[in-house]
Amino acid sequence: MDMNEIKEIFFQECEEQLAELESGLLRLNDGDRDPETVNAVFRAVHSIKGGAGAFGLDDLVSFAHVFETTLDCVRSNKLEPNQDVLKVMLKSADVLADLTNVARDGGSVDQARSAQLIRELEALAKGEAPPAAAPVAAAPKAAPVAAAPAPVVSDDAFVPVTFSFDDFGDDDASADLPAYDVVFKPKSELYTKGNEATLLLRDLSRLGEMSIHCNMDSLPSLDQMDPEAAYFSWKVSIKTDKGEDAVRSVFEFAEWDCDLEVTALDTGDVAEVAGNDLPMQPVPFDLSALDDEPDAPLGVVEEEEQIAAVQQAVAAAEAASNVVQMPASTSRPAASDKGAAAAAAQNNAQQASAAAPTIRVDLDRVDRLINLVGELVINQAMLSQSVIENDSNGVSSINMGLEELQQLTREIQDSVMAIRAQPVKPVFQRMARTVREIADITGKSVRLVTEGENTEVDKTVIDKLAEPLTHMIRNAVDHGLEMPEKRIAAGKNAEGTVKLTAKHRSGRIVIELSDDGAGINREKVRQKAIDNDLIAADANLSDEEIDNLIFHAGFSTADKVSDLSGRGVGMDVVKRSIQALGGRINISSKPGQGSVFTMSLPLTLAVLDGMVVTVAGQTLVVPLTAIVETLQPDAAAIHSFGATQRLISIRNSFCPLVDVGRILNFRATQANPVEGVALLVESEGGGQRALMVDAIQGQRQVVIKSLEANYTHVPGIAAATILGDGRVALILDVDAVVSASRGQSLHTETSLAAAG
């Protein structure tokens, strides 16, 4: 593994840590005061700082150090995480993410914003009110916070240095300070999890004057040494006014992986210790050097040693990530609080049972595997078709074996598709930052509520969700929510709410974005559409049709162009992005109460279960998720409506009958419904329709092949597939056909580019 691969692993770990950081801060913002939540947030920043130091990412390390110091004040109950504090921390998390992206992809960050947040974090750590934002000429480096030293270039500087405890000096002013004896004996697990005894001792030295003795009596001869064992222990005498809790907090993350004794000394004990000089053992490094720039350049280290050192840093980051899932290993419950200890034990057991080993696999490899499985499905269908055509009785051993092969192929395909399925949580978390930034720009108070974050969908869908969701969030905050004074006047809470939910429904994923704002001003939308010559002045439009006008390219109700709106691009992009994913979007709005945007998307763009039908001699596939039921029409159930429309009576209700062959121009005249089969389908915008087809061939799972990528766009057709006999079958775009039955023409804008 070369350095670039190790660095890429580090940035992947950073993404996970940043997600954990934002998730924890949002929980704190919602009122969660669980100490483990605070610890998880602290560990996330600490892990990023430690790994960044391994690669010399100074800006990232400096900012993370100040951020970590402020979080430590929250963790030690010196700083109350109120709304003002968390607002600063959420902004700091955004800057930390920006610095990480810049370190990985290049570019630059807003130095003025970073410097302002550093000052605000420092002020919070000192118990002061954050300074007001002001223009700055240049961004200073992170300054010391409270009793902490200057910004650390690296917690894990991989440069050979010398270390000595000989020059601590004698300060008479420290004679009256409380003194403590600390016996620290690491276990092998401490090093396995990426911790380092020298760094713990360095942190301890920051508390006050310290003398140290390294006990190497347990060190065996070289031929008996276990490279993964721990043989050294340390006895430390320290004078500090920080108290015993501060001493113990240094070892908080390693407490379960070491033997630790902390004993408070009285005056007599201090004098006795002072009179008995402990034999000092030579130690080959200097703790203070870990806080400063290394004298020797990194290039003096051999490449093999450098790679090994960075691998150790990555292992430390991974270990820190694992610790997040095991709160019992990082927090010390009070002995007197049996209830809290029991709850912690139960939580630890649940987390341990939920934890599972994972591996990182390049997405291209997964895509190749999915393509191969798709070809396997096609070949299995061809083989089955050949056997069926040549086996008259249908009970041969070959036929039975093919049925088992079909079941096995289906299981393989489901398992492979599950590998590429991912929760929508990462996308939802990114929207939280978008809400904060737009709320700051507009001066509105906005709260984002998310539900169903663990709903899984194909990664190809997730990757393309961010853009439409961002535009919808901007629209909801900028256009939907009112200013605080208007909300109060209307009897609402001054803080507006934007709700983002995800759930599975009928083999699809449904994402809803709702707000409790003023709703769509239909009169304003209608007038704007008339002014833009989109509709006639005397056009009779339903509320739904007026609402859908906002999806037209160039349409905007903003009075003036701003950084957020006014150009009429956002919602047009939303519609096109959703349609490109094989999805559809609907709007529901109530004046004064808010709006709901509902997106319905396929779970995957690779396979679908479909009904194979025949229409005017052509073979089509109708997505099974759209079909409610199939029925054989009765002559008495068919009723004419107008010159060309027909209805079918289904259980005392009437449903429009749609001749698919006529809509797609497969035939010039309408077919006799009694001679065909009706498929009752449900469309997001058009309600129920009965699609008329000539016959049903069967139900099967098909592999989706894009028509646009291999041929061109075909109105009314979503995609294509290869059947068992080698023929190409077209996958019907149900929504486009239903829209055409309502009088809308089949054109590019109403058709989908993938199956749904």
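What you see is a predicted model, and the numbers here were worked out from it, not measured in a lab.

A. Spotlight on the overall build of the chain. Check the secondary structure of the chain and you find 23 helices and 22 strands. Scored against the burial criterion, the 756 residues of the chain give a buried share of 45%. Across the chain, the fraction of contacts at a sequence separation of at least 24, relative to all contacts at a separation of at least 6, is 70%. By element, 50% of the accessible surface of the chain is carried by carbon and sulfur atoms, the whole surface being about 37900 Å².

B. Representation of the pattern of salt bridges in the model. Evaluation of the coordinates by the stated rule reveals 28 salt bridges. Linking E36 and R43 is a salt bridge whose minimum nitrogen-to-oxygen distance equals 2.4 Å. For the residue pair E36 and R43, the accessibility class agrees, reading buried in each case. We note a salt bridge from K705 to E375, for which the minimum N-O separation is 3.4 Å. Of this pair, K705 sits in the loop between strand 20 (695-703) and helix 22 (707-710) while E375 sits in helix 12 (residues 363-390), placing them 330 residues apart in sequence. Since its relative accessible area comes to 30%, K705 is described here as partly exposed. Looking at E375, the relative accessible area reads 35%, which means it is partly exposed. Each of E22, D94, D98, R433, R436 and E437 takes part in one network of salt bridges that share partners.

C. Fine view of the sheet that holds strand 2 (residues 209-215). With antiparallel pairing, the four strands of this open sheet are ordered in space as 2-3-1-4. What marks the edges here is a single partner per strand, and that holds for strand 2 and strand 4 (258-265). Along the sheet, successive strands turn relative to each other by an average axial angle of 15°, direction set aside. In terms of strand pairing, strand 1 (residues 179-186) meets strand 3 (residues 233-239) through six bridges, oriented antiparallel.

D. Spatial organisation of a nonpolar patch on the surface. Taken together, the side chains of L219, L222, M225 and F232 present a nonpolar region at the surface, about 370 Å² in accessible area. Under the relative-accessibility criterion, F232 is labelled partly exposed at 30%.

E. The arrangement of the packing of aromatic side chains in detail. Scanning the model with the defined rule gives six aromatic pairs in all. Put simply, the rings of F184, F232, W234 and F251 pair up and form one aromatic cluster. Against the face of F42 rests R75, its NZ or CZ located 3.9 Å from the ring centre.

F. Region of the structure containing the side chain of D181. Its place among the elements puts D181 in strand 1. No salt bridge is formed by the buried D181; its nearest oppositely charged neighbour, K235, is found at 4.2 Å. Those residues within four positions of D181 in sequence are excluded, and the remaining contacts are K235, V236, S237, E261, V262, T263 and L265.

G. Layout of helix 13 (residues 397-420). Over its 24 residues, helix 13 runs 35 Å from end to end, which matches the ideal 34 Å to within 8%, given 1.5 Å per residue. Within the sequence span of helix 13, burial applies to N399, L402, T409, Q413, V416, M417 and R420. Tucked inside the fold, the buried residues of helix 13 contact helix 12, strand 5 (421-423), strand 7 (456-458), helix 15 (459-463), strand 12 (607-615) and strand 20.

H. Representation of the environment of D257 within the structure. Tracing the backbone through its elements, the reader meets D257 in the loop between helix 8 (244-250) and strand 4. Judged by relative accessible area, which is 6%, D257 ranks as buried. A sequence separation of 70 residues divides D257 from K187, and the C-alpha atoms of the two residues are 5.5 Å apart. In this view, D257 contacts P186, K187, E189, L190 and K193; residues no more than four positions away in its chain are not counted.

I. Spotlight on the sheet that holds strand 8 (residues 496-505). The five strands are arranged 6-8-9-11-10 in an open sheet whose pairing can be described as mixed. Bordering the open sheet on either side are strand 6 (446-451) and strand 10 (584-590), each of which pairs with just one other strand. Within the sheet, the average angular offset between the axes of one strand and its neighbour, ignoring direction, is 15°. Bridging between strand 9 (residues 508-515) and strand 11 (residues 594-602) involves eight bridges; their strand directions are antiparallel. Each bridged residue has a counterpart across the sheet, and for V510 the counterpart in strand 11 is S600.

Reading the values: the criteria
- Residues numbered from 1 in each chain as written.
- Predicted model: local features only at pLDDT ≥ 70, side-chain atom pairs only at ≥ 80, totals over all residues.
- Heavy atoms only, no water.
- Helix = DSSP H or I, 4+ residues; strand = E, 2+ residues; numbered from the N terminus.
- Buried < 20%, exposed > 50% of the residue type's maximum accessible area, 1.4 Å probe, protein only.
- Contact = heavy atoms within 4.5 Å.
- Areas by Shrake-Rupley, 256 points an atom, 1.4 Å probe, with all protein chains shown as cover.
- Salt bridge = Lys/Arg side-chain N within 4 Å of Asp/Glu carboxyl O.
- Pairing = 2+ DSSP bridges.
- Axes fitted to C-alpha atoms, helices over the stretch in contact; angles between N-to-C directions.
- Patch = residues over 30% accessible without salt bridge, like charges linked within 9 Å, V, L, I, M, F, W, Y side chains within 5 Å.
- Phe/Tyr/Trp six-rings, centres within 6.5 Å; stacked < 30°, edge-to-face > 60°.
- Lys NZ or Arg CZ within 6 Å of the ring centre and 35° of its normal.
- Lys, Arg positive; Asp, Glu negative; His and termini not counted.
- Expected span 1.5 Å × (residues − 1).

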